[in-house]
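# Examination of the molecular architecture
If you want the building blocks of each chain, they are given just below.
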Amino acid sequence: MAFIRKKPREQQLQLYSRERFSLLLLNLEEYYFEQHTANHIQHKGNRNERKIRGSLKICSKSVIFEPDAISQPIIKIPLRDCIKIGKHGENGASRHFAKAVPGGISLIFSQVYFIKEHNIVAPYKTERGTMEYVFELDVSGKVDDVVETLLQLHRASCLDKLGDQTAMITAILQSRLARTSFDKNRFQSVSETLHMECKAEMVTPLVTNPGHVCVTDTTLYFQPLNGYPTPVVQITLQDVRRIYKRRHGLMPLGLEVFCTEDDLCSDIYLKFYEPQDRDDLYFYIATYLEHHVAERSAESYTLQWQRGHLSNYQYLLHLNSLADRSCNDLSQYPVFPWVVSDYSSPELDLSNPGTFRDLSKPVGALNKERLERLLARYQEMPEPKFMYGSHYSSPGYVLFYLVRIAPEYMLCLQNGRFDNADRMFNSIAETWKNCLDGATDFKELIPEFYGDDVSFLINSLKLDLGKRQGGQMVDDVKLPPWARSPEDFLRKSREALESSYVSEHLHEWIDLVFGYKQKGGDAVGAHNVFHPLTYEGGVDLNSMEDPDEKVAVLTQILEFGQTPKQLFATPHPRRITPRFKSGSQPSSCNASTADSPVSPGEESFEDLTEESRTLAWSNITKLQLYEQHRIHKEAVTGIAVSCNGSSVFTTSQDSTLKMFSKESKMLQRSISFSNMALSSCLLLPGDATVISSSWDNNVYFYSVAFGRCQDTLMGHDDAVSKICWLDSRLYSASWDSTVKVWSGVPPEMSAARRHQFDLLAELEHDVGVDTISLNAAGTLLVSGTREGTVTIWDLTTATMLHQIPCHSGTICDTAFSPDSRHVLSTGEDGCLNIIDVQTGMLISSMTSDEPQRCFIWDGNSVLSGSQSGELLVWDLLGGRSTERIRGHAGAVTCMWMNEQCSSVITGGEDRQITFWKLQY
């Protein structure tokens, strides 16, 4: 059980623990104020008079007496059932006793509960009728104060309106908090400096505990008002790894702190009375932590999941956490999907799609006949309409699954009773069938179904959970035929969750629960509409003036269940499974033959090349500078290299195209086409022609063999900023707000005197285009504009697929990943953004302290050239820069890498070209 897992084993099995009292003995929304050592006097003045030693606990709605002897039951007396409260012997409060008890408190009441007799967890026993109990305090001087407190709380409990009761109890609580403060003697060190102190409540499942929060320069403290379960809870700030702001009761009041990277269970969950206190504490801790991992967005995990670095289970845990789902809040407990629909076969066939549930539909829409009935009711319903009268996740559903290891939680939720035996979690198959056919049962699963702890399936505590109509006792959960044991059931369930089918369809379920089909018209179309109170923003509690209405709504919110916070507003990307992956992008040397058949020998060479690429990128931080040559008078803007690597062609803002011999280390040619800057260059297949783009609106074709400009394409009305070539087509981007696609000249005709250019398509933008890039197959193009918009185009139809305004200012560079699944863009704003090509979703964003002017990437790692002249290596999956390598004296403006990824050439504003090699 997730919210028990953090506790020591002896605390988990409270059935056998020495201290039987817990906050779970309180009613929902009840507070435990104070305790007093006392005796319960039985049969005073008779021969059978007994004194039962124990602890008297004063709570906001009840009085609880916990005897020291575990054979004796815990006594719980609701204050609303009290007839008279007073000092024993005063005002006729001792009619059942012969004489007054010094230091005694008398309670006359009509109902009492007996709990955990012989320390056995079982439904509460109730006794009704007028009774008097007397409790003798060890410190008789406290009797007057205790009686006054009880009388005050009794008046609150007897108020007619629930809202008035809540308001009075809240006033009593706040008064107590105001009269106390954090005990500074609890500091770990006398040298600690106090930063802030405020009032808050520590949240655990079903209950909250008020007290004082204090944060110093080293430690976060929480001191419960009642000193329970410990006098102070402390967390060293250096141990904190994650912090999250939380909604609690749909209000922005929660803060959850984790000292682990991946654990579902937090170390403390705090609910504040004021949002500003929560925000101040969050800001202080986040700012303080030197190695703090900032609160990450859902998109930051999506890339890791897509590329297989996070399992489906891990990804769902992250999404739940980011959507305010917490194991400390049963109304927002992490939700997981049913994925298997076959619970009757002797074997579980994960290769058969029929084995699985349709993840594109909510549970309520899986049964067509039931859905038709629900839709008919929905059409006749007045506003606000909803399709399902119950939610897919609620405290009751969570404890339905977990009753065997959390029986006291169930008793707390259901006023001391277990559910009817036939409605208990008896069988996996029965539960699934009821979710399919039941009129009001639409529940999903919880993470435990895909974990490794089988205890929630086994009645190891030997609880008496009742007898079913057939006569059989409720015991262990009945498993499907394909599960040989509880361990086998969880193992196969996890295998199903991680299966190819689920990996290919999980994004559809995410759209329903965390994504764009959660609300609005898309939710209606997906038959995914729940009660308005379950949604964030569905009700404004602060605007409610009627306290009764406010309490009733809040109670419904907490007990009915809450829809997760919406994380995605657009369709969620699919996971990249092996059958979807494609080869790496071919270099310019083999671009024209990328689609041609290859022989077995060539396939082996490709495999070897791919292996060398992987090895090179894993060692990219070992890149070393070994040569620099200043061959231009202004910034270098483009680099192209011949297939054999001997000739390097570069363009510059000095308006020249230069040919540099790598072998002789000498400049061989310098060509000027006009007096305006050249912006980029590329070599056509065969190395016979160099194409250069210019700020004079033209594209120039230079014949290497003939040593002259062969032709000029005058195709734009403003500067040409970037050109690309693939499969005899030229793509040109311009500041005139267009990208144009031209039919090119086949390689064998590249020496012809004149070229014929046909405009095939014109891709129009709102502003000037600064950069473009093609995917490996030449079917997609990405463009980046001076106003920060990335646009993805389908070249087969010359239509726009996605337009994403994701940068503030000019976009410096863009490129597809080798598998064409993602686009990376860098901008003047210092951001590196990753976009999912299928959905257009921005799935990851990293920020640099300076613009990254150009880059090369393999889908997981990035080598970028910075404004300051350094090369930076980025781990995209880790979301951080891992290495900075000194290179140029000015901005790195262009970059080239060979096919094996072992050699790099960069150009910069310092007018130099720099040669780099991997040393490993």
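What counts and what doesn't
Residues numbered from 1 in each chain as written. Predicted model: local features only at pLDDT ≥ 70, side-chain atom pairs only at ≥ 80, totals over all residues. Heavy atoms only, no water. Axes fitted to C-alpha atoms, helices over the stretch in contact; angles between N-to-C directions. Helix = DSSP H or I, 4+ residues; strand = E, 2+ residues; numbered from the N terminus. Parallel < 35°, antiparallel > 145°, perpendicular 65-115°, else oblique. Contact = heavy atoms within 4.5 Å. Nonpolar A, V, L, I, M, F, W, Y, C, P; charged D, E, K, R; others polar. Core = buried A, V, L, I, M, F, W, Y, C linked by side-chain atoms within 4.5 Å. Buried < 20%, exposed > 50% of the residue type's maximum accessible area, 1.4 Å probe, protein only. Patch = residues over 30% accessible without salt bridge, like charges linked within 9 Å, V, L, I, M, F, W, Y side chains within 5 Å. Areas by Shrake-Rupley, 256 points an atom, 1.4 Å probe, with all protein chains shown as cover. Salt bridge = Lys/Arg side-chain N within 4 Å of Asp/Glu carboxyl O. Lys, Arg positive; Asp, Glu negative; His and termini not counted. Charge placed at Lys NZ, Arg CZ, Asp CG, Glu CD. Pairing = 2+ DSSP bridges. Expected span 1.5 Å × (residues − 1). Phe/Tyr/Trp six-rings, centres within 6.5 Å; stacked < 30°, edge-to-face > 60°. Polar contact = N/O pair within 3.5 Å; in protein donor to acceptor, adjacent residues only side chain to side chain.

The name given to the protein chain in an unreviewed UniProt entry is Protein FAN isoform X1, with Camelus bactrianus as the source organism.

Moving on, we get to the packing of helix 5 (residues 298–306) against helix 6 (residues 312–322). It is at 10 Å that the axes of helix 5 and helix 6 come closest, and there the two elements cross at 175°. With respect to their mutual orientation, helix 5 and helix 6 come out roughly antiparallel. Across from A298, Y301, T302 and W305 in helix 5, the residues of helix 6 making contact are N312, Y315, H318, L319 and L322. Considering only residue class, the contact of helix 5 with helix 6 consists of six nonpolar, three polar and no charged.

In terms of nonpolar packing, the biggest core is built from 122 residues, with Y401, F425, F449, W509, I510, F514 and F568 touching the most fellow members. Here this core gets seven residues from one element, more than from any other, and that element is helix 12 (residues 500–513). Setting aside residues no more than four positions away along its own chain, W509 makes contact with L316, V335, F336, P337, R357, L359, E444 and F514. Formed by 32 residues, the second largest nonpolar core is a distinct cluster that contains A38, F65, M131 and L150.

Looking now at a negative patch on the surface. Taken together, the side chains of D160, D164, E545, D546 and E549 present a region of like negative charge at the surface. For D164, the position within the fold is in helix 3 (residues 162–178).

A word on the sheet that holds strand 26 (residues 738–743). Overall, antiparallel pairing links the four strands, which are arranged 24-25-26-27 in an open sheet. Each edge of the sheet is formed by a strand with only one pairing partner; in this case those strands are strand 24 (720–726) and strand 27 (758–764). Ignoring strand direction, the axes of neighbouring strands in this sheet form an average angle of 20°. As paired elements, strand 24 and strand 25 (residues 729–734) share six bridges and run antiparallel to each other. Within strand 25, the residue paired with C724 across the bridge is Y731.

Judged by how many residues are buried, strand 2 (residues 50–59) sits mostly within the fold: seven of ten residues are covered. When strand 1 (residues 32–42) meets strand 2, the two strands line up antiparallel, connected through ten bridges. Among the inter-strand pairings, N39 is bridged to a residue of strand 2, identified as R53. Here strand 2 pairs with strand 3 (residues 62–67) via five bridges, running antiparallel. Its bridge partner lying in strand 3, K57 is registered against I64. A loop of two residues connects strand 2 with strand 3, the two strands running antiparallel in sequence.

In this section: helix 2 (residues 143–157). Under the 1.5 Å per step criterion, the end-to-end length of helix 2 is 21 Å for 15 residues, consistent within 8% with the ideal 21 Å. Turning to helix 2, its buried residues are V143, V146, V147, T149, L150, L153, H154, A156 and S157.

Right, let's talk about the pattern of salt bridges for a bit. Throughout the structure, instances matching the rule amount to 34 salt bridges. Two residues, E136 and K51, come together in a salt bridge whose shortest N-O distance is 3.3 Å. On the criterion of sequence distance, the pair formed by E136 in strand 7 (residues 125–137) and K51 in strand 2 is long-range, its members being 85 residues apart. Among the residues examined, E136 registers a relative accessible area of 14% and is labelled buried. Across the pair R491 and E495 runs a salt bridge whose closest N-O atoms are separated by 2.8 Å. Here E495 and R491 lie together in helix 11 (residues 486–497), a separation of four residues that amounts to about one turn. Through salt bridges with shared partners, one network takes in E347, R484, D488, R491, K492 and E495.

This paragraph deals with the packing of helix 3 against helix 14 (residues 547–560). For the pair helix 3 and helix 14, interaxial distance at closest approach is 7 Å and the crossing angle is 85°. In this view, helix 3 runs roughly perpendicular relative to helix 14, as classed from their interaxial angle. Each of L162, G163, D164 and T166 in helix 3 lies in contact with helix 14, whose residues at this interface are P547, D548 and V551.

On the basis of which strands lie adjacent, the open sheet formed by four strands has the order 15-42-41-40 and antiparallel pairing. With one partner strand each, in any of the chains shown, strand 15 (623–630) and strand 40 (892–897) form the two edges of the open sheet. Direction aside, neighbouring strands of the sheet carry axes that sit 20° apart on average. Bridging between strand 15 and strand 42 (residues 912–918) involves seven bridges; their strand directions are antiparallel. Opposite L623, over in strand 42, you have L918 as the bridge partner.

A few words now on the packing of aromatic side chains. In this structure the tally under the stated criterion is 38 aromatic pairs. Arranged with centres 5.0 Å apart and planes meeting at 90°, the rings of F109 and Y133 form a pair that is edge-to-face. With a gap of 24 residues between them, F109 in strand 6 (residues 104–115) and Y133 in strand 7 connect regions that are remote in the sequence. Each member of the pair, F109 as well as Y133, is classed as buried. Aromatic pair Y392 and F530: ring centres 5.2 Å apart, planes at 80°, arrangement edge-to-face.

Turning our attention to the environment of T218. Within the element layout of this structure, T218 appears in the loop between strand 9 (207–216) and strand 10 (219–224). When its relative accessible area of 31% is taken as the criterion, T218 is described as partly exposed. Counting along the chain gives 539 residues from T218 to F757, while the straight-line C-alpha distance between them is 70 Å. Residues contacting T218, with those up to four places away along its chain left out, are E192, I235, T236, L237 and Y288. In this structure the side chain of T218 is engaged in a polar contact, spanning 3.0 Å, whose partner is the side chain of T219.

To continue, consider unusual backbone geometry. When glycine is set aside, most residues are seen to have a negative phi, and most peptide bonds are trans. In the segment running from Y228 into P229, the intervening peptide bond is cis, with an omega of 0°. Among the secondary structure elements, P229 is positioned in the loop between strand 10 and strand 11 (233–236). The peptide bond linking E383 to P384 adopts the cis configuration, its omega dihedral lying at -5°. Looking at the element boundaries, P384 is found in the loop between helix 7 (368–380) and helix 8 (395–402). Of note, the phi angle at N415 is positive, near 55°, even though the residue is not glycine. If you trace the backbone, N415 turns up in the loop between helix 9 (407–413) and helix 10 (428–437).

The element helix 8 is extensively covered by neighbouring structure, given that seven of its eight residues are classed as buried. Along helix 8, the residues that are buried comprise P395, Y397, V398, L399, F400, Y401 and L402. The elements touched by buried residues of helix 8 are helix 9, helix 10 and helix 14.

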